[in-house]
Amino acid sequence: MTCTKLTSMPDLSALEKKIAEAEGKLLALRRLKNSQAPISRLPVEVLTRIFSCFQASRHNMHTSPSCPPAWVAVTHVCHHWRNVALSCPSLWTNVVLLSPSWASEMLNRSLNTPISIILDYDPEEEEIYADDHVVKSALARARRAKEIVLRGDYLQDNIRPLFRRTAPLLEKLELWDHNRPLSLRKGDLFLGQTPKLRSLKLRSCLIDWKASMLFSPTITRLRLEDVPEQDRATHMELRDILAALPNLQNLTLLNALQTSSKTRSNGALSDAQHRLPFPHLKSVNISAVTAQDVSAVVSCISAPMDAGLRIECEKFTAGRKPSSSAGCLASCLASFFSIDLPPDRQRALTSNYDAIGFAHSQRGHSFIAGNCFPRLEEPYDMDSNDPLTFANTQWTPKVYLQINRHPSQDCERDIYSLFKVACAILPLSDVNTAFVDNLEFYTPETWWQMFGKMDNIEEVVVATGEVYDGFLAAMAGKGRPSAPFPPDDLFDDIIARHESQSRKDAPLLPHLFPKLMELALEGIDLGWETTFEDLFGVLSFRCFKRNGMNRLETLRLHRCDVHAEHLIRLAGVVAQHGVDWDRVRDGAGLYESITNTFELADEDSSDEEG
Amino acid sequence: MPTIVSVDDSTVPGEGSSRLLLLVSSDNKHIVVEEDIMSRSRFISKQVEGFEATSQRHAILLPFSSFVLNKVIEYCSHYRGYYLLEDDPDAAPPGRSPVREWDQEFLDVDRNMLLRIIKAAHYLEIKSLVGSCARAIADMIRGKTTEEMREILGVENDFTPEEEHSPSSKCTG
């Protein structure tokens, strides 16, 4: 047997070396390949921007104690991405305190970049126990903080560092302990050093009303909410604070005002001669117990014409005569909006209303007056609007006029005053939606007087009433007053104020609501034969485009009382104008959406016989 | 739609009154566009300022294709006259703003096109468009696993075993 000499075998270490070399080459090739991928060829700052967007998502920010923020996954995609992410301190500035290990990691990776310290959970929904040590350690870096948001429970002990550190970069502070009122009276927060503070939101806090922080002139947004009743600021204290905030843009006081009966100081907050000027004010949102409390604050504010105001009173009368509350409210509204109403009209204005409010927004304007703010979506959430998001949102302009009237009282006279206020605030020619409630007692003349020169209304909602002959008659052209119109001075002041929007010389429209395209009847009793006939006549007339009139495209009936027979007749009108019959399956189908011409909405509306 | 006129090489927009710009793409397409439309681009604005200083007008050469350039012009035309916070150098850095509805449709393009647009927007210094593209890309990978992200973005795992298990990789969670 011959033995063949084996060729020399490489030893194990050499093999491992070769494998390592091969792996190294493979890795280099992978990196080269990755570097050629389109995504890798983006400039670093663009990549960083993408990461920022990814990180900014609320979904990705949320962490539980055991998990890192979801956005961190970008550091695991490839070598290049990790390098970019780790070398960008600004990506690591959201220090979410729910995850102790990650909070420390973020504090380190953010280097010296300004940070946001966030502890945000609802103890009623999540069983979370924040690590006190981590919270304190993060708050000890208050010098670096541009934002501190603490919303949780049992925070009192944790916020101690805030009384020992200055916060030269702090722009936003938000505090809310769900468990019990947070006492901020242990000293001067941030040693009174918050030169950049812009947004201050304190909820359920015991506040030292002399604290320097409250007097930071840089504040643009102040929100005080649910202040314990016994610790609310006196009117004078509040006035002093507001006087120190000339740059204020958003003021929100919800359950933060002393009730008039409990006012500690009798110092008058409002003084017409000394109203505080807020040239940048955009919105005021106040809720309080009585109209007097609200009025006390609103009356001391001198705001730009386009500032928005939302007010709510828990108890309109609060033991006082309603007329006194109403007069008080009307006068403060008139002063806020610089409306020159004669005193008797001011008194009349709100005597039949439990609340009255106005809201303006970039999206449009609305005027709401009534027993409450019952059915409308808010134009926007004045409390939480993020100016950044706001500026990047494209709103559909909608100018809404809503007039609610107390159904049990005859306040026809007041409607003019009310309407006058609305007209002074809303650009009349811009009003494109009208909601009118409980106006069934008004005559056709009333309708003409109110809307006879508003030629851009495209949608009308008439709600709640047994009959509404006045409306239908006006729609049919009856009651159109002869010149001169209007018969009183309804528009005089408005014209003086808004010359460019002058309506006085505008001709009375040939038809009421000439551009009407959508009509909604809500809670209307159409059971009366005559009423239905009137409606039917109006609809038939409005089905054609003529004499500068738009063609009615949508009719919505919501909770209306109407005979099935009448519905069939309505369907006949609908059919003549191109209804999609496939969508009208049976009687019930009438209540569903019928496109093209009329839309009879809401299945459970109107007549059960249908 | 923008006022875009394709012109011959020899055609140069007139000076002054018409306020037209001649943009030349990398594929040598000449696109004439109103200066006003492109004012959102800081790069173009700076170029125009340069022209005004020399009281001469020149073509602006751009390093991306006419296809991409037309997309950018479409964007600028749509927002002509609009104030967009992100383009305001004095404004605070943009926050968590969502992608605008129109932008969403506008950026409903394939991945590579999206990357080309963001690159062009970066070059032209149109911050709002960079922002919208960045959000669109972030949306593409949101909620995805690392492996899915790699697949979407066309990259491979190129970490060494040590890197994969390094302290910084505890971010995997």
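Quick caveat, the model's predicted, so the values are computed rather than measured.

This part covers the overall build of chain A. Helix and strand counts for chain A come out as 17 helices and 20 strands. Every one of the 610 residues in chain A was classed for burial, and the buried ones make up 54%. A separation of at least 24 residues holds for 71% of the contacts in chain A among residues at least 6 apart in sequence. Here chain A has roughly 26,900 Å² of accessible surface; of this, 51% comes from carbon and sulfur atoms.

With that settled, the discussion passes to the overall build of chain B. If you tally the helices and strands in chain B, you get seven helices and four strands. Ordered by position from N to C terminus, the α and β elements of chain B give β-β-β-α-β-α-α-α-α-α-α. In chain B, which comprises 173 residues, the share counted as buried stands at 46%. Accessible area of chain B: about 8,800 Å², with a carbon and sulfur share of 50%.

Located in the positive-phi region is Leu-111 of chain A, a residue other than glycine, with phi close to 50 degrees. Tracing the backbone shows Leu-111 of chain A in the loop between helix 5 (100-109) and strand 2 (115-120).

Turning to the packing of helix 2 (residues 44-56) of chain A against helix 4 (residues 79-86) of chain A, a few remarks are in order. Residues and elements named next belong to chain A. Two elements in contact, helix 2 and helix 4, have axes separated by 10 Å at closest approach and are oriented at 80 degrees. As summarised for this structure, helix 2 and helix 4 are arranged roughly perpendicular, according to the angle between their axes. Taken together, the residues of helix 4 that come into contact with helix 2 (itself represented by Val-44, Leu-47, Thr-48 and Phe-51) are His-80, Trp-81, Val-84 and Ala-85. The residue makeup of the contact of helix 2 with helix 4, split by class, is six nonpolar, two polar and no charged.

The next point concerns the pairing of strand 8 (residues 221-225) of chain A. All names here are of chain A. In terms of burial, strand 8 is largely enclosed, as five of its five residues are buried. Burial of strand 8 is two-sided: the residues Arg-221, Arg-223 and Glu-225 facing one way and the residues Leu-222 and Leu-224 facing the other way are all buried. Examined bridge by bridge, strand 6 (residues 199-203) and strand 8 share five bridges and lie parallel to one another. Counterpart to Lys-201 in the pairing with strand 8 is Arg-223. Where strand 8 and strand 9 (residues 250-254) come together, five bridges link them in parallel fashion. Bridge pairing in strand 9 places Leu-222 opposite Leu-251.

Right, let's talk about the confidence of the model for chain A for a bit. Residue and element names in this part refer to chain A. Overall, the predicted model of chain A reaches an average pLDDT of 70, with 59% of residues at or above 70. Every residue in residues 316-326 is under pLDDT 50, and counting partners more than four places away or in other chains gives 20 contacts. Here residues 484-488 is a poorly scored stretch, pLDDT under 50, and it has eight contacts once near neighbours within four places are set aside; other chains count.

Residue and element names in this part refer to chain A. The element strand 2 is extensively covered by neighbouring structure, given that five of its six residues are classed as buried. As judged from the three bridges shared by strand 1 (residues 94-96) and strand 2, these two strands associate in the parallel manner. Bridged to Val-96 within strand 2 is Ile-118. Sheet topology note: the strand 2/strand 3 (residues 145-152) ladder contains six bridges and is parallel. Residue Ile-115 lies in a different strand from strand 3, and its bridge partner there is Ala-145. Each parallel crossover has a hand, and the one from strand 2 via helix 6 (residues 132-139) to strand 3 is right-handed.

All names here are of chain B. Averaged over every residue, the pLDDT of chain B is 78; residues scoring 70 or more account for 72%. Note that pLDDT drops below 50 for residues 1-18; the model gives that stretch 30 contacts with residues more than four away or on any other chain. The ipTM assigned to the predicted complex is 0.85, against a pTM of 0.63.

Side chains of Leu-26, Leu-29 and Leu-32 of chain A sit close together on the surface and give an oily, nonpolar patch of about 290 Å² of accessible area. Along the polypeptide, Leu-32 of chain A turns up in helix 1 (residues 12-36).

Take the packing of aromatic side chains next. Summed over the entire model, instances satisfying the criterion amount to 10 aromatic pairs over all chains. Between Tyr-75 of chain B and Trp-102 of chain B, the aromatic rings sit 6.3 Å apart at their centres with planes inclined by 45 degrees, giving tilted as the arrangement. Here Trp-102 of chain B lies in helix 3 (residues 101-106) and Tyr-75 of chain B lies in helix 2 (residues 66-78), a separation of 27 residues in the sequence. According to the relative accessible area criterion, Tyr-75 of chain B is buried, its value standing at 0%. By the ring-pair criterion, three or more aromatic residues cluster together here, those being Tyr-75, Tyr-79, Trp-102 and Phe-106 of chain B. Directly above the aromatic system of Trp-176 of chain A lies the positively charged group of Arg-203 of chain A, at a separation of 3.8 Å from the ring centroid. For Lys-71 of chain B, the ring lying beneath its charged end belongs to Phe-106 of chain B, and the centroid distance is 4.2 Å.

In this approach, a probe sized like a water molecule rolls over the atoms, and the result shows the empty space that is left. In the structure shown here, the tally under the stated rule is seven cavities of 30 Å³ or more. For the second largest cavity, the calculated volume is near 40 Å³. Its residues assigned to classes, the lining of the second largest cavity shows seven nonpolar, no polar and one charged.

Any two packed helices are characterised by the angle at which their axes cross and by the distance between the axes. All names here are of chain B. Orientation of helix 4 (residues 111-124) relative to helix 5 (residues 127-141), taken along the N-to-C sense of each, is 150 degrees, at an axis distance of 8 Å. The pairing of helix 4 with helix 5 is recorded here as roughly antiparallel in orientation. Considering only the axes of helix 4 and helix 5, their crossing is left-handed. From helix 4, Arg-111, Leu-114, Leu-115, Ile-117, Ile-118, Ala-121 and His-122 reach across to helix 5, where they touch Leu-129, Val-130, Cys-133, Ala-134, Ala-136, Ile-137 and Met-140. Grouping the amino acids of the contact of helix 4 with helix 5 by side-chain chemistry returns 12 nonpolar, one polar and one charged.

It is worth spelling out the pattern of salt bridges at this point. A full pass over the atoms with the stated rule returns 20 salt bridges over all chains. Salt-bridge contacts for Asp-157 of chain A lead to Arg-160 of chain A; the nearest nitrogen and oxygen are separated by 2.3 Å. Classification of Arg-160 of chain A as partly exposed rests on a relative accessible area of 44%. Notably, a salt bridge pairs Arg-142 of chain B with Asp-139 of chain B, separated by 2.4 Å at the nearest N-O pair. For Arg-142 of chain B, a relative accessible area of 23% gives the class partly exposed. Through salt bridges with shared partners, a single ionic network connects Asp-120, Glu-147, Arg-151, Lys-172 and Glu-174 of chain A.

Glancing now at helix 6 of chain A. Residues and elements named next belong to chain A. Residues of helix 6 that are buried include every one of Val-134, Val-135, Ala-138 and Leu-139, and no others. Down the axis of helix 6, the buried side of the element spans an arc of 125 degrees, and every buried residue falls inside it. Where helix 6 begins, the side chain of Asp-131 points an oxygen toward the backbone nitrogen of His-133, at a separation of 2.8 Å.

Moving on: the environment of Leu-150 of chain A. Residues and elements named next belong to chain A. Structurally, Leu-150 is set in strand 3. Classification of Leu-150 by relative accessible area gives buried; the value is 0%. Each C-alpha atom of the pair Leu-150 and Ile-118 lies 6.0 Å from the other, and the pair is 32 residues apart in sequence. Excluding residues that lie within four positions of it along the chain, Leu-150 makes contacts with Leu-97, Leu-119, Leu-139, Leu-155, Ile-159, Leu-162, Glu-174, Leu-175 and Trp-176.

What counts, and at which threshold
- Residues numbered from 1 in each chain as written.
- Chains lettered and ligands numbered in written order.
- Predicted model: local features only at pLDDT ≥ 70, side-chain atom pairs only at ≥ 80, totals over all residues.
- Heavy atoms only, no water.
- Helix = DSSP H or I, 4+ residues; strand = E, 2+ residues; numbered from the N terminus.
- Buried < 20%, exposed > 50% of the residue type's maximum accessible area, 1.4 Å probe, protein only.
- Contact = heavy atoms within 4.5 Å.
- Areas by Shrake-Rupley, 256 points an atom, 1.4 Å probe, with all protein chains shown as cover.
- Axes fitted to C-alpha atoms, helices over the stretch in contact; angles between N-to-C directions.
- Parallel < 35°, antiparallel > 145°, perpendicular 65-115°, else oblique.
- Nonpolar A, V, L, I, M, F, W, Y, C, P; charged D, E, K, R; others polar.
- Pairing = 2+ DSSP bridges.
- pLDDT = per-residue confidence, 0-100.
- Right-handed = clockwise from strand over helix to strand, strands pointing away.
- Patch = residues over 30% accessible without salt bridge, like charges linked within 9 Å, V, L, I, M, F, W, Y side chains within 5 Å.
- Salt bridge = Lys/Arg side-chain N within 4 Å of Asp/Glu carboxyl O.
- Phe/Tyr/Trp six-rings, centres within 6.5 Å; stacked < 30°, edge-to-face > 60°.
- Lys NZ or Arg CZ within 6 Å of the ring centre and 35° of its normal.
- 1 Å grid on protein atoms, 1.4 Å probe; cavity = no way out; pocket = protein on both sides within 12 Å on 5 of 7 lines; lining within 4 Å.
- Points joined across faces, edges and corners; volume = space filled by probe spheres on them.
- Left-handed = near helix turned anticlockwise from the far one by under 90°.
- Arc of directions from axis to C-beta.
- Polar contact = N/O pair within 3.5 Å; in protein donor to acceptor, adjacent residues only side chain to side chain.

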